[in-house]
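# Notes for the structure review
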Amino acid sequence: MDKELATKRVLTGTRPSGQPHLGNAFGAYLPAIELQSQVGELFFFLADYHSLNSVFDPEEMRSQSYDIIATMLALGLDPNKGCFYLQSAVPQLCELQWILSCVSPFGMLTRAHTFKDAEAKGVEINCGVFNYPLLMAADILLFGASLVPVGKDQKQHLEMCRDFALRFHHRYQKEIFTLPEALIQEHVAIVPGLDGEKMSKSKGNVIPVFAEDKLWKKAIARIVTDSKGVDEKKDPENCIVFRLYRLIEQSQSKVEALKAKYLDGGYGYGHAKQDLLASMTQRFGPQRDRYFKLRSREKDLYEIIMDGSAKARTIAAQNIQSIRSLLGVL
Ligand code: ADP
Ligand code: TRP
């Protein structure tokens with residue numbers, strides 16, 4: 001165990017938005033779960049208020065929240081180790097967001113990538129998109145997290161979070177916040193989608209982490225390959241099927257064996273897709289059974305996330321009190 005990690009409060013969150021796919025699992029969920037065994041405390045939450053910017057259907061919000069809770073539990077997150085909670089169930093986060101907004105310059109928020117991207121698209125931008133980095137900073141600062149595992153795309157949000165905290169320290173002359181560091185997991189590769197682009201809900205090129213065999217099979221059948229015939233030698237590194245197989249398959253010798261089949265020829269993409277499905281079933285099959293059982297018990301899932309949220313609220317209530325005491329409010 002990494003001694004330094006064991007002393008850190010690690011916090012990360014994920015937005016409920018769409019069915020969890022292999023990109024989410026390998027890029028975010030599994031690394032967080034792996035960290036849980038190494039860190040002092042893992043705070044993991046559903047950033048459902050952040051999703052209000054993109055999920056407008058209440059039934060979708062509800063159901064996707066349960067999908068992620070069940071997915072995290074099925075993949076191995078232990079709600080008794082650390083804290084597993086719902087952002088919307090901790091109202092102090094919105095309070096801190098407001099407090100932070102009063103020390104944060106407008107100009108800084110206009111330089112956020114997410115805001116600039118929305119602006120470039122020319123669509124109407126709501127204040128939620130503009131304030132996104134402030135709520136994210138509140139998520140992190142309220143719990144005194146020192147380490148925040150995130151994808152590369154979130155790096156700027158972490159820098160802004162530190163900046164908001166420093167401005168607050170400067171204005172109120174007290175270093176009340178822990179300055180968080182981003183833990184960018186460089187070794188976590190970008191998972192390719194069915195078309196070879198980054199796997200992403202918005203591109204419709206995903207393989208769901210948990211789905212019936214029929215759906216896995218259908219998704220895998222859609223993976224784009226070149227038109228080489230069965231007998232021809234093939235390049236594994238340039239094949240999406242192989243790259244996904246290498247990610248999923250835990251036996252190194254099986255990966256080597258598949259590579260050799262590509263290089264030798266006499267092995268078609270249809271065969272490779274069958275091998276990928278078999279590997280997927282072996283790796284995620286047992287967890288998928290757990291997932292479907294858990295997913296059918298929304299009441300239990302609700303209790304688990306609300307228990308965690310009560311724990312989070314106790315910490316949040318204490319910490320917001322210390323922050324409020326600096327402001328001069330009565
Ligand atoms: P999507 O692009 O499908 O909307 P999100 O933006 O909600 O996914 O991503 C949630 C988390 O999953 C983020 O931490 C992101 O870094 C990770 N993630 C999403 N897609 C991939 C991918 N293709 N490869 C690696 N990580 C990914
Ligand atoms: N913005 C993150 C994402 O889109 C989700 C998130 C919200 C988050 N608040 C956070 C991640 C706090 C880490 C810490 O992936």
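We now turn to the structure provided with this report.

Scoring rules and cut-offs
- Residues numbered from 1 in each chain as written.
- Chains lettered and ligands numbered in written order.
- Predicted model: local features only at pLDDT ≥ 70, side-chain atom pairs only at ≥ 80, totals over all residues.
- Heavy atoms only, no water.
- Salt bridge = Lys/Arg side-chain N within 4 Å of Asp/Glu carboxyl O.
- Helix = DSSP H or I, 4+ residues; strand = E, 2+ residues; numbered from the N terminus.
- Buried < 20%, exposed > 50% of the residue type's maximum accessible area, 1.4 Å probe, protein only.
- Near = heavy atom within 4 Å.
- Polar contact = N/O pair within 3.5 Å; in protein donor to acceptor, adjacent residues only side chain to side chain.
- Areas by Shrake-Rupley, 256 points an atom, 1.4 Å probe, with all protein chains shown as cover.
- Nonpolar A, V, L, I, M, F, W, Y, C, P; charged D, E, K, R; others polar.
- Phe/Tyr/Trp six-rings, centres within 6.5 Å; stacked < 30°, edge-to-face > 60°.
- Lys NZ or Arg CZ within 6 Å of the ring centre and 35° of its normal.
- Disulfide = S-S within 2.5 Å.

According to the stated counting rule, one finds 13 salt bridges in the structure shown. With a closest N to O distance of 2.9 Å, arginine 62 and glutamate 298 form a salt bridge. A residue pair is termed long-range when its members are at least 10 positions apart, and arginine 62 in helix H4 (residues 58–75) and glutamate 298 in helix H14 (residues 298–327) qualify at 236 residues. Residue lysine 261 pairs with aspartate 275 through a salt bridge whose shortest N-O separation is 3.8 Å. Placement of the pair is lysine 261 in helix H12 (residues 252–264) and aspartate 275 in helix H13 (residues 269–295), with a sequence separation of 14 residues. You can call aspartate 275 partly exposed: its relative accessible area is 25%. A cluster of three or more residues bridged by salt bridges with shared partners is formed by Glu59, Arg62, Asp67, Arg295 and Glu298.

With that settled, consider the site of ligand 2. Around ligand 2 sit 14 residues in total, of which Arg15, His50, Tyr132, Asp139 and Gln154 are the nearest. The contact in question runs from a nitrogen atom of ligand 2 to an N or O atom on the side chain of tyrosine 132, over 2.7 Å. Protein coverage of the free-state accessible area of ligand 2, which is 360 Å², stands at 91%. At four residues, the largest contribution of residues to the shell around ligand 2 is made by helix H8 (residues 127–141). Per-class residue counts for the shell around ligand 2 are eight nonpolar, four polar and two charged.

Let's shift gears to the packing of aromatic side chains. Per the counting criterion, the structure on display carries 16 aromatic pairs. A centroid spacing of 6.4 Å and a plane angle of 80° characterise the contact between phenylalanine 210 and phenylalanine 284, whose relative ring orientation is edge-to-face. Of this pair, phenylalanine 210 sits in the loop between strand S5 (181–184) and helix H10 (213–221) while phenylalanine 284 is found in helix H13, placing the two residues 74 residues apart along the sequence. The same class applies to phenylalanine 210 as to phenylalanine 284, namely buried. An angle of 25° between the planes, with centres 4.9 Å apart, marks the rings of phenylalanine 210 and tyrosine 291 as stacked. Here tyrosine 291 lies in helix H13 and phenylalanine 210 lies in the loop between S5 and H10, a separation of 81 residues in the sequence. Comparing phenylalanine 210 with tyrosine 291, the two get one shared label, buried. Linked through ring pairs, Phe26, Phe210, Phe284, Tyr291 and Phe292 together constitute an aromatic cluster. Stacked on the ring of tyrosine 269, the Lys or Arg lysine 234 has its end atom at 5.5 Å from the ring centre.

Once that is clear, we can look at the site of ligand 1. By nearness alone, 15 residues border ligand 1, and His21, Val191, Met199, Ser200 and Lys201 come closest of all. Take valine 191: an N or O atom from its main chain is 2.9 Å from a nitrogen atom of ligand 1. With respect to ligand 1, the backbone of methionine 199 contributes an N or O atom lying 2.9 Å from a nitrogen atom. For the shell around ligand 1, a count of residues per class yields five nonpolar, seven polar and three charged.

The next point concerns the state of the cysteines. One pass over the full model with this rule turns up zero disulfides. This cysteine, cysteine 83, is not joined by any disulfide, and cysteine 94 carries the nearest cysteine sulfur, 17 Å off.

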